[in-house]
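Residue-level structural notes
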Amino acid sequence: MPQVGEVACPLITGDMARLSKPMISFIVPAYNEEHELSDTLTAIREAASGSKQPYEIIVVDDASTDATPEIASATGAKVIPINRRQIAAARNAGARAALGEYLFFVDADTRINRAHVSGGIAALESGYAGGGARVAMDGFIPIWGRVLLRGFSAVYFGLNLGAGAFLFTRRLNFDIIGGFDEQYFAGEEVYFSLELKKLGRFKLLREPVVTSARKLRMYPATHFLRKFFGAIVRGRRGVRSRAKLSLWYDGKREKNPA
């Protein structure tokens, strides 16, 4: 029998350090993402493995009709089923189920790497209220799409706002601002960023995350631009209902992603 002061089964020093660090919760909202989700979850695991911190991956399955929940379960992710068809609600559901102190929101068609995890943690530990990263698109992008992205990114990220593809904050800050505002069906990341800015500095990481350009490939320029700028022109009134947000909610997916 061990005497007082002895440890029968000591932990390895590295394990002790790991257990003493805050947990990271990666929250992935997903609707019919069987073509993208596996690569996204693999990228998250590879990115998290370099952080030397405990982590969990939560996939919020928002009424998928494909193999999304099965793919998530097969990778060991925690699957939270909901039936809202709203990305703000999906992110909030994932946060409610999360155990971590650090909340990282990653869209199901977005790839992050170790720099995004380490950079996000460093920002939070140095006092930032939250942050995100610029966005790069994958695969083929039509010329009109490249022009739109360049102009929109210059304005949007110039205002130091986070893109929904990748956002991070502390649980405390998330709870203080009430999470993502569920009165919005699009653009909720703008209001989320603005609320975090009221608590402190907001950090945009230098390295962009890579997300799918499928919408720019799937729709003709006239259709995409009409829907996209229509939502912007209508402002808050235009994103409080799915009615005119088919670009976000029609559920179309690429059969052979680029």
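A brief look at the structure comes next. Small disclaimer: the values here were computed from a predicted structure and weren't measured.

**Brief notes about the overall build of the protein chain**
When helices and strands are tallied, the protein chain shows eleven helices and eight strands. Against the compact-globule benchmark of 18 Å for 258 residues, the protein chain has a radius of gyration of 19 Å, which places it among compact chains. For the protein chain, the exposed area adds up to about 12,600 Å²; of that, 57% sits on carbon and sulfur atoms. The distance from the centre of the 35 positive side-chain charges to the centre of the 26 negative ones in the protein chain is 8 Å.

**Examining helix H2 (residues 37-49)**
Spanning 13 residues, H2 covers 18 Å between terminal C-alpha atoms, matching the ideal 18 Å at 1.5 Å per step. Those residues of H2 that fall on the buried side of the exposure criterion are Leu37, Thr40, Leu41, Ala43, Ile44, Ala47 and Ala48. One side of H2 carries all its buried residues, which in axial view fall inside an arc of 160 degrees. Elements in contact with the buried residues of H2: strand E1 (24-30), strand E2 (55-62), helix H3 (68-74), strand E4 (102-106), strand E5 (110-111) and helix H5 (114-125).

**A short note on the environment of Ala89**
Looking at the element boundaries, Ala89 is found in helix H4 (residues 87-97). On the basis of relative accessible area, Ala89 is assigned to the buried category, the value being 2%. Other than its neighbours up to four places away in sequence, Ala89 contacts Ile82, Arg84 and Glu182.

**Let's talk about the sheet that holds E4**
If you trace the eight strands from one edge of the open sheet to the other, you get E3-E2-E1-E4-E7-E6-E8-E5, paired in mixed fashion. Strands at the two margins of the open sheet, each flanked by one partner only, are strand E3 (78-82) and E5. One ladder, built from five bridges, connects E4 with strand E7 (residues 166-170); its direction is antiparallel. Considered in E7, the bridge of Val106 is made with Phe166.

**Observations regarding the packing of aromatic side chains**
Scanning the entire structure with this criterion turns up 19 aromatic pairs. Their ring planes at 50 degrees and their centres at 5.6 Å tell us that Phe26 and Phe104 sit as a pair that is tilted. Placement of the pair is Phe26 in strand E1 and Phe104 in strand E4, with a sequence separation of 78 residues. Given the relative accessible area of 0%, Phe26 is considered buried. Arranged with centres 4.0 Å apart and planes meeting at 10 degrees, the rings of Phe180 and Phe192 form a pair that is stacked. Taken together, the positions of Phe180 in the loop between helix H7 (171-177) and helix H8 (188-197) and Phe192 in helix H8 put the pair twelve residues apart, joining distant regions of the chain. There is no split in this pair, since Phe180 and Phe192 are both buried. Grouped by ring-pair contacts, the aromatic residues Trp144, Phe152, Tyr156, Phe157, Phe224, Phe228 and Phe229 constitute a single cluster. Note that Arg85 overlies the ring of Tyr31, its terminal NZ or CZ placed 3.6 Å from the centroid.

**So, the side chain of Ser193**
Among the structural elements, Ser193 can be located in helix H8. A polar atom in the side chain of Ser193 sits 3.0 Å from the backbone nitrogen of Gly162. Setting aside chain neighbours within four positions, we find Ser193 in contact with Leu161, Gly162, Leu167 and Phe202.

**Focus on unusual backbone geometry**
Of note, the phi angle at Ala63 is positive, near 65 degrees, even though the residue is not glycine. Along the polypeptide, Ala63 turns up in the loop between E2 and H3. You will see that Asn160, though not glycine, has its phi angle at about 60 degrees, which is positive. In this structure, Asn160 sits in the loop between helix H6 (143-156) and E7.

**Thoughts on the environment of Ile71**
Along the polypeptide, Ile71 turns up in helix H3. On a C-alpha basis, the gap between Ile71 and Val233 in space is 38 Å, while along the polypeptide they are 162 residues apart. Ignoring any residue separated from it by four or fewer positions in sequence, one finds Ile71 in contact with Glu34, Leu37 and Ser38.

Definitions and limits used
- Starting from 1, residues in each chain are numbered consecutively following that chain's sequence as written.
- In keeping with the model being predicted, local features are shown solely for residues with a pLDDT of at least 70 and side-chain atom pairs are shown and tallied solely at 80 or more, while totals for entire chains, interfaces and linings include all residues.
- Computation of side-chain values covers all heavy atoms of the structure but excludes hydrogens and water.
- Helix and strand assignments follow DSSP, with helices taken as H or I runs no shorter than four residues and strands as E runs no shorter than two, numbered in order from the N terminus.
- With the radius of gyration taken over C-alpha atoms, the globule rule is written as 2.2 Å times the number of residues to the power 0.38.
- In these tables, accessible area is a Shrake-Rupley quantity obtained with a 1.4 Å probe, and a residue counts as shielded only by the protein chains included in the view.
- The positive count covers Lys and Arg only, the negative count covers Asp and Glu only, and His and the chain ends enter neither.
- Taken as the charge location is NZ of Lys, CZ of Arg, CG of Asp or CD of Glu.
- Helices are assigned an expected span. That span is 1.5 Å times one less than the residue count.
- Note on exposure labels: buried denotes an accessible area under 20% of the residue type's maximum, exposed denotes more than 50%, and partly exposed covers the range between, all computed with a 1.4 Å probe on protein chains only.
- To obtain the arc, one takes the directions from the helix axis to the C-beta atoms.
- A contact between two residues is defined here by any heavy atoms of the two lying within 4.5 Å.
- Being paired, for any two strands, means DSSP has found at least two bridges between them.
- The aromatic pairing rule takes the rings of Phe, Tyr and Trp, using the six-membered ring of Trp, and pairs them if the centres are within 6.5 Å, calling planes under 30 degrees apart stacked, those over 60 edge-to-face and the rest tilted.
- Counted as over-ring charges are cases with an Arg CZ or a Lys NZ within 6 Å of the ring centre that also lie within 35 degrees of the ring normal.
- Any N or O atom pair separated by 3.5 Å or less is treated as a polar contact, with the protein-specific requirement of one donor-capable and one acceptor-capable atom, and with residues adjacent in sequence counted only for side-chain atom pairs.

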